[in-house]
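Residues per chain, in single letters:
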Amino acid sequence: MIKAIYPGSFDPITNGHLDIIHRASKIFNRIVVVVAENSRKKSLFSIEEKVNMIQNVIAELKNVEVQSFRGLLIDCARSNHANIILRGMRAISDFEYESQFALMNKKMAPEIETVFMVTSTRFSYLNSSIVKEVASLNGCIGELVPPFVEKMLKTKYGYS
Ligand code: PNS
């Protein structure tokens, strides 16, 4: 049984994240998307809103679930009996941070492996911050996030 956790801030989940989740759901037996409660980044959405949005967009994937977590990621992996931390890699610019993150987690939890998946080229420019910037200025985000998330963003920014 290969169980992976897919951690992130998900503020909000984008089509880039979903691309990784869809592809990974065909590789791993189970995936738990885990939303960090103590992310260093200032959030637009509450934890409940983030979990709700993810639940909505992964509904048809039967081997994927979503949770939130506090504290160290490796503790979240251990309590879920997950042997893999899954991370998406968009570009070489992600490599330095991601390798440091993976090595630190490996030092603290040698039994857990970090696996990277390269984001599909059509989403390689995409991140949650850029989506929020465009949404906040009433730009078109229809190709960047699922419809449910688009609606949530429009409501947040008062464009619905
Ligand atoms: O989507 P992000 O912001 O790239 O996700 C980063 C996240 C939340 C996965 C990372 O900051 C994290 O795992 N935080 C939990 C605390 C932790 O374990 N830190 C030590 C890792 S070296």
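The structure reproduced in this document is the subject of the present report. (Residues numbered from 1 in each chain as written. Predicted model: local features only at pLDDT ≥ 70, side-chain atom pairs only at ≥ 80, totals over all residues. Heavy atoms only, no water.)

**Quick look at the pattern of salt bridges**
A full pass over the atoms with the stated rule returns 10 salt bridges. We note a salt bridge from aspartate 94 to arginine 90, for which the minimum N-O separation is 3.1 Å. Classification of arginine 90 by relative accessible area gives partly exposed; the value is 32%. Note that glutamate 150 and lysine 154 form a salt bridge whose closest N and O atoms lie 3.2 Å from each other. Here glutamate 150 and its partner lysine 154 are both found in helix 6 (residues 147-156), 4 residues apart, which amounts to about one turn of the helix. Look at glutamate 150 and you get buried, because its relative accessible area is 18%. Residue classification places lysine 154 among the partly exposed positions, given a relative accessible area of 30%. (Salt bridge = Lys/Arg side-chain N within 4 Å of Asp/Glu carboxyl O. Buried < 20%, exposed > 50% of the residue type's maximum accessible area, 1.4 Å probe, protein only. Helix = DSSP H or I, 4+ residues; strand = E, 2+ residues; numbered from the N terminus.)

**Here's the deal with the site of the ligand**
Lining the immediate surroundings of the ligand are 14 residues, of which Ser9, Lys41, Leu73, Arg87 and Phe101 lie closest. Here serine 9 contributes a side-chain N or O atom positioned 2.6 Å from an oxygen atom of the ligand. At 2.8 Å, a backbone N or O of leucine 73 approaches an oxygen atom of the ligand. In the complex, 80% of the free accessible area of the ligand, which totals 550 Å², lies under the protein chains. The cavity where the ligand resides is the largest pocket. When residues of the shell around the ligand are traced back to their parent elements, those giving at least two are strand 1 (3-8) and helix 4 (95-108). The dominant element in the shell around the ligand, judged by the number of residues it contributes, is helix 4, at 4 residues. Here the residues of the shell around the ligand are counted per class, giving 8 nonpolar, 4 polar and 2 charged. (Near = heavy atom within 4 Å. Polar contact = N/O pair within 3.5 Å; in protein donor to acceptor, adjacent residues only side chain to side chain. Areas by Shrake-Rupley, 256 points an atom, 1.4 Å probe, with all protein chains shown as cover. 1 Å grid on protein atoms, 1.4 Å probe; cavity = no way out; pocket = protein on both sides within 12 Å on 5 of 7 lines; lining within 4 Å. Sits in = over half its atoms within 2 Å of the grid points. Nonpolar A, V, L, I, M, F, W, Y, C, P; charged D, E, K, R; others polar.)

**Description of the sheet that holds strand 1**
Across the sheet, 5 strands lie side by side as 3-2-1-4-5; this open sheet has parallel pairing. The open sheet terminates on both sides in strands that have one partner only, identified here as strand 3 (64-69) and strand 5 (113-118). Neighbour to neighbour, the strand axes of the sheet diverge by 30 degrees on average, direction disregarded. Packing against the sheet, helix 1 (residues 15-24) makes contact with strand 1, strand 2 (30-36), strand 3, strand 4 (84-89) and strand 5, and its axis sits at approximately 115 degrees to strand 5. (Pairing = 2+ DSSP bridges. Axes fitted to C-alpha atoms, helices over the stretch in contact; angles between N-to-C directions. Contact = heavy atoms within 4.5 Å.)

**A look at the packing of aromatic side chains**
Tallied over the full model, the rule gives 2 aromatic pairs. Arranged with centres 5.5 Å apart and planes meeting at 65 degrees, the rings of tyrosine 6 and phenylalanine 10 form a pair that is edge-to-face. With relative accessibility at 5%, the residue tyrosine 6 sits in the buried group. Taking 5.7 Å as the distance between ring centres and 20 degrees as the angle between the ring planes, the aromatic pair formed by tyrosine 97 and phenylalanine 101 counts as stacked. Of the two residues, tyrosine 97 and phenylalanine 101 are both situated in helix 4; the distance of 4 residues between them amounts to about one turn of the helix. (Phe/Tyr/Trp six-rings, centres within 6.5 Å; stacked < 30°, edge-to-face > 60°.)

**Section: helix 2 (residues 47-57)**
When we look at burial in helix 2, the residues that qualify are Ile47, Lys50, Val51, Met53, Ile54 and Val57. One side of helix 2 holds all its buried residues, which, seen down the axis, span an arc of 160 degrees. Close packing links the buried residues of helix 2 with helix 1, strand 2, strand 3 and helix 6. (Arc of directions from axis to C-beta.)

**Some points on helix 6**
Side chains of residues three or four places apart in an α-helix project in the same direction, reflecting 3.6 residues per turn. Buried residues of helix 6: Val149, Glu150, Met152 and Leu153, and no others. Buried residues along helix 6 cover an arc of 160 degrees about the axis, so they all sit on one side. The outward face of helix 6, more than 90 degrees from its buried face, is lined by the exposed residues Pro147 and Lys151. The inward-facing, buried residues of helix 6 contact helix 2 and helix 5 (128-136). Backbone geometry just after helix 6 places glycine 158 at a positive phi near 75 degrees.

On their own, these measurements won't tell you what the molecule is for.
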